[in-house]
Amino acid sequence: MALSSSSSSQKTWIVHGILAGTAIAAAIGARAYLGRSRKFRSRVVGIIPARYASSRFEGKPLVQILGKPMIQLASTLGNVAQISSLTVVATDDERIADCCRGFGADVIMTSESCRNGTERCNEALEKLEKKYDVVVNIQGDEPLIEPEIIDGVVKALQVAPDAVFSTAVTSLKPEDGLDPNRVKCVVDNRGYAIYFSRGLIPYNKSGKVNPDFPYMLHLGIQSFDSKFLKVYSELQPTPLQLEEDLEQLKVLENGYKMKVIKVDHEAHGVDTPDDVEKIESLMRERNLL
């Protein structure tokens, strides 16, 4: 898949509060947990968690998009991103593994017991021979995510020593305000996540979407401090996480900080078979072939 340099250069991403001065006060306490060094969080690995079983779209990673399996497009994005030295696919299914090996991707087999992509990333991390400081979870069902966004999410975590997790949001279209499949996010004035919800947040007294309010849509791309990733998998599920069915809420409910960047990106994921044709049409328009 060729990436258009002109379209990529036009994409802008804005990192909220990533200047070093914004985190100085919290850095001293964070060092004790994270072990900050001169090369703070410099070793980065990209992991693409992929499973075959899905209630809405079985075998989704292998669906053909313009003649290529979708997992290959995600692998290409991870390799184009400049921030990571290695991109691997983590899966529990031999069909996905065989497909990935066929186009030259590195594959790590993980257990079927992983409850979500984050736990799969952790298991894959433990099986890697080299040690890494940051794991960036690249979503296999968002083939239109820009490599610059992958890099931006990692950089946001690297310069926020008090955060253990980072992710990205973009502008939410008013017509998607009440769609539970569009996860919303609110952040504080330093760019740290306050809450994520399938419902509309903030929710005003009228009970209607305010077309003038800058609602934010959560994108699936996220990165973790590698030490915290191991802690995350040991944490018990939390009430808000279970109620909203959003794994990032377990991070917030346990008191950890999550850095958020805002990016200029029109989200188009593949959730159902009907989405494939839409993605193909957009890729033709953008010359991402």
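Located above this text is the structure these notes cover.
Bear in mind that the values here come from a model prediction, so they are computed numbers and not experimental data.

**Student:** Tell me about the environment of Ser197, and please be specific about residues and values.
**Tutor:** Assignment of secondary structure puts Ser197 in strand E10 (residues 193-197). The buried category is assigned to Ser197, whose relative accessible area is 6%. Once the C-alpha coordinates of Ser197 and Glu244 are considered, the two residues, 47 residues apart in sequence, prove to be 6.5 Å apart. Reaching out from Ser197, the side chain makes a polar contact with the backbone nitrogen of Gly199 at a distance of 2.9 Å.

**Student:** I'd love a proper account of the pairing of strand E12 (residues 257-263), names of residues and values included.
**Tutor:** Among the 7 residues in E12, 5 count as buried, and that is most of the element. Across 6 bridges, strand E8 (residues 163-171) lies against E12 in parallel orientation. Bridge pairing links Ala163 to Lys257 in E12.

**Student:** Explain the nonpolar core to me, using residue names and the numbers behind them.
**Tutor:** Of all hydrophobic cores here, the largest spans 36 residues; its most connected members are Val136, Ile149, Ile150, Ala168, Leu219 and Ile221. If you list the elements that add at least two residues to this core, you get strand E2 (44-50), helix H3 (70-80), helix H4 (94-102), strand E7 (134-137), helix H6 (147-158), E8, strand E11 (216-225) and E12. Top contributing element to this core by residue count: H6, with 6 residues. Ignoring sequence-local partners within four residues, the contact set of Ile150 consists of Leu77, Ala81, Ile83, Val136, Ile138 and Ile221.

How each quantity is defined
- Residues numbered from 1 in each chain as written.
- Predicted model: local features only at pLDDT ≥ 70, side-chain atom pairs only at ≥ 80, totals over all residues.
- Heavy atoms only, no water.
- Helix = DSSP H or I, 4+ residues; strand = E, 2+ residues; numbered from the N terminus.
- Buried < 20%, exposed > 50% of the residue type's maximum accessible area, 1.4 Å probe, protein only.
- Polar contact = N/O pair within 3.5 Å; in protein donor to acceptor, adjacent residues only side chain to side chain.
- Pairing = 2+ DSSP bridges.
- Core = buried A, V, L, I, M, F, W, Y, C linked by side-chain atoms within 4.5 Å.
- Contact = heavy atoms within 4.5 Å.

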